[in-house]
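Read off the chains here:
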Amino acid sequence: MNWFTRVRNSITSLSKRSTEKDLWVKCPSCQQMVFAQEYEENSYVCPRCDHHGRIGADERLRQLLDEGYDVLPIPEVKEDPLKFRDTAKYTDRLKKARAKSPHKDAFLVGSGAIQGKPAVVGVQDFGFMGGSMGMAVGTAFCQGAERALSRHCPYIVVTAAGGARMQEGILSLMQMPKATVMTRRLKEARLPYIVVLTDPTTGGVTASYAMLGDVHIAEPGALIGFAGQRVIQDTIREQLPDGFQRAEYLHKHGMVDMVVHRHDLTDTLATLLDYLAPAEAA
């Protein structure tokens with residue numbers, strides 16, 4: 001015990017201060033400590049190394065949509081249809097996830113405008129069971145597309161997911177063709193469908209609606225792929241280049257249309273809406 005600790009312990013009037021939240025955030029990229037308020041004010045982008053941190057669905061909608069947007073209620077679906085259990089019951093996992101989130105599942109839809117241009121925005125929240133795609137996510141995605149069709153405006157989806165939700169088995173995989181049909185309906189109605197790929201976008205989400213957009217935008221450094229690098233290497237017996245599933249590599253090789261910094265994302269989307277928005281009927 002050093003002298004400072006001895007002196008501190010001897011002063012009985014000192015009490016440990018508590019705060020409602022942590023004052024510092026450790027950047028997962030550069031490992032530097034960042035003042036939490038500064039990090040939040042910088043749109044959850046590290047001011048030291050420009051690492052784009054993960055953010056929740058509510059915050060993403062606030063960043064992208066103009067004030068006064070509507071949030072669609074998350075649709076009701078049958079929970080735990082397979083009575084699934086691994087190391088814990090699926091119902092218990094849902095309760096745990098909902099205790100940490102203000103929403104019932106991992107996909108939230110906002111209906112409003114981006115810099116005055118009508119748009120519907122769907123956001124996947126990685127913080128809710130890794131953004132996994134189950135029946136609630138698939139139904140919410142389709143609900144957002146339906147709202148875009150009824151408003152005759154573009155549909156923008158921000159993806160962040162580890163893939164399909166294994167606890168729902170084949171029912172989660174059925175969300176892939178279900179969502180794909182809705183993207184086809186948007187195309188037939190000549191409504192733009194824009195995808196913003198954030199870290200991470202993987203698995204069945206990548207294999208379906210995440211890669212069916214008219215325009216694909218990625219945030220810097222975002223992990224985008226289907227299977228993990230180690231799985232691919234073990235399958236094809238080839239050494240893969242570093243960063244081959246990162247946004248910049250995919251952009252260089254034509255899989256992504258543009259890589260856009262979070263600070264510029266709203267302006268970029270507004271510009272795209274100007275180019276792609278359907279013409280008003282005469």
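Residues numbered from 1 in each chain as written. Predicted model: local features only at pLDDT ≥ 70, side-chain atom pairs only at ≥ 80, totals over all residues. Heavy atoms only, no water.

## Quick word on the overall build of the protein chain
Step number 1: In terms of helices and strands, the protein chain carries 11 helices and nine strands.
Step number 2: Structurally, the protein chain occupies a C-alpha span of about 80 × 45 × 45 Å along its principal axes.
Step number 3: Within the protein chain, the fraction of its 282 residues that count as buried is 44%.
Step number 4: Accessible area for the protein chain stands at about 15,600 Å²; split by element, carbon and sulfur atoms hold 52% of it.
Step number 5: Looking at charge distribution, the protein chain has the averaged site of its 34 positive side-chain charges lying 8 Å from that of its 33 negative ones. (Helix = DSSP H or I, 4+ residues; strand = E, 2+ residues; numbered from the N terminus. Buried < 20%, exposed > 50% of the residue type's maximum accessible area, 1.4 Å probe, protein only. Areas by Shrake-Rupley, 256 points an atom, 1.4 Å probe, with all protein chains shown as cover. Lys, Arg positive; Asp, Glu negative; His and termini not counted. Charge placed at Lys NZ, Arg CZ, Asp CG, Glu CD.)

## Observations regarding the pairing of strand β7 (residues 193-201)
Step number 1: Counted residue by residue, β7 has nine buried out of nine residues, so it is predominantly covered.
Step number 2: Sheet topology places β7 next to strand β8 (residues 215-218); four bridges connect them, and they run parallel. Across the sheet, Leu197 pairs through a bridge with Ala218, a residue of β8. (Pairing = 2+ DSSP bridges.)

## What about the pattern of salt bridges?
Step number 1: Per the counting criterion, the structure on display carries 12 salt bridges.
Step number 2: Across the pair Arg98 and Glu79 runs a salt bridge, and its minimum N-O distance is 2.7 Å. Note that Arg98 is positioned in helix α4 (residues 90-99) and Glu79 in the loop between β3 (70-71) and α4, a separation of 19 residues in sequence.
Step number 3: On the accessibility criterion, Arg98 (25% relative accessible area) is partly exposed.
Step number 4: Across the pair Glu146 and Arg185 runs a salt bridge, and its minimum N-O distance is 2.9 Å. Here Glu146, found in helix α5 (residues 135-151), pairs with Arg185, found in helix α7 (residues 175-188); they are 39 residues apart in sequence, far enough to count as distant.
Step number 5: Note on Glu146: relative accessible area 37%, which makes it partly exposed.
Step number 6: For Arg185, a relative accessible area of 35% puts it in the partly exposed group.
Step number 7: Via salt bridges that share partners, Arg54, Asp199 and Arg246 belong to a single interconnected network. (Salt bridge = Lys/Arg side-chain N within 4 Å of Asp/Glu carboxyl O.)

## Concerning empty space enclosed by the protein
Step number 1: This structure, assessed with the given rule, holds four cavities of 30 Å³ or more.
Step number 2: Lining the largest cavity are 16 residues, and of these Arg54, Ile55, Arg60, Ala160 and Thr198 lie nearest its centre.
Step number 3: Put simply, the parts of the chain that give the lining of the largest cavity at least two residues each are α3 (57-64), β5 (117-124), β6 (155-161) and β7.
Step number 4: Here the lining of the largest cavity is composed, by residue class, of six nonpolar, five polar and five charged.
Step number 5: For the second largest cavity, the calculated volume is near 60 Å³.
Step number 6: Together, Val77, Lys78, Glu79, Asp80, Tyr90, Leu94, Arg98, Asp105, Met135, Ala136, Arg165 and Glu168 line the second largest cavity.
Step number 7: Elements with a contribution of two residues or more to the lining of the second largest cavity: α4 and α5.
Step number 8: Looking at the lining of the second largest cavity, the element that brings in the most residues is α4, giving three residues.
Step number 9: Grouping the amino acids of the lining of the second largest cavity by side-chain chemistry returns five nonpolar, no polar and seven charged. (1 Å grid on protein atoms, 1.4 Å probe; cavity = no way out; pocket = protein on both sides within 12 Å on 5 of 7 lines; lining within 4 Å. Points joined across faces, edges and corners; volume = space filled by probe spheres on them. Nonpolar A, V, L, I, M, F, W, Y, C, P; charged D, E, K, R; others polar.)

## Some thoughts on α4
Step number 1: If you check which residues of α4 are buried, you get Tyr90, Leu94 and Ala97. Here the buried residues of α4 occupy an arc of 65° about the axis, which is enough to place them on one side. Of the residues in α4, the exposed ones pointing more than 90 degrees away from the buried face are Lys95, Lys96 and Ala99. (Arc of directions from axis to C-beta.)

## A few points about the packing of α3 against helix α11 (residues 265-276)
Step number 1: For the pair α3 and α11, interaxial distance at closest approach is 9 Å and the crossing angle is 60°. Looking at the two axes, α3 sits oblique to α11. Of the residues in α11, those in contact with Arg60, Gln63 and Leu64 of α3 are Leu265, Thr266 and Leu269.
Step number 2: Across the contact of α3 with α11, the residue classes break down as three nonpolar, two polar and one charged. (Axes fitted to C-alpha atoms, helices over the stretch in contact; angles between N-to-C directions. Parallel < 35°, antiparallel > 145°, perpendicular 65-115°, else oblique. Contact = heavy atoms within 4.5 Å.)

## What about the side chain of Asn42?
Step number 1: By secondary structure assignment, the location of Asn42 is in the loop between α2 (36-41) and α3.
Step number 2: Not counting the four nearest positions on each side in its chain, Asn42 is found in contact with Pro47 and His263.

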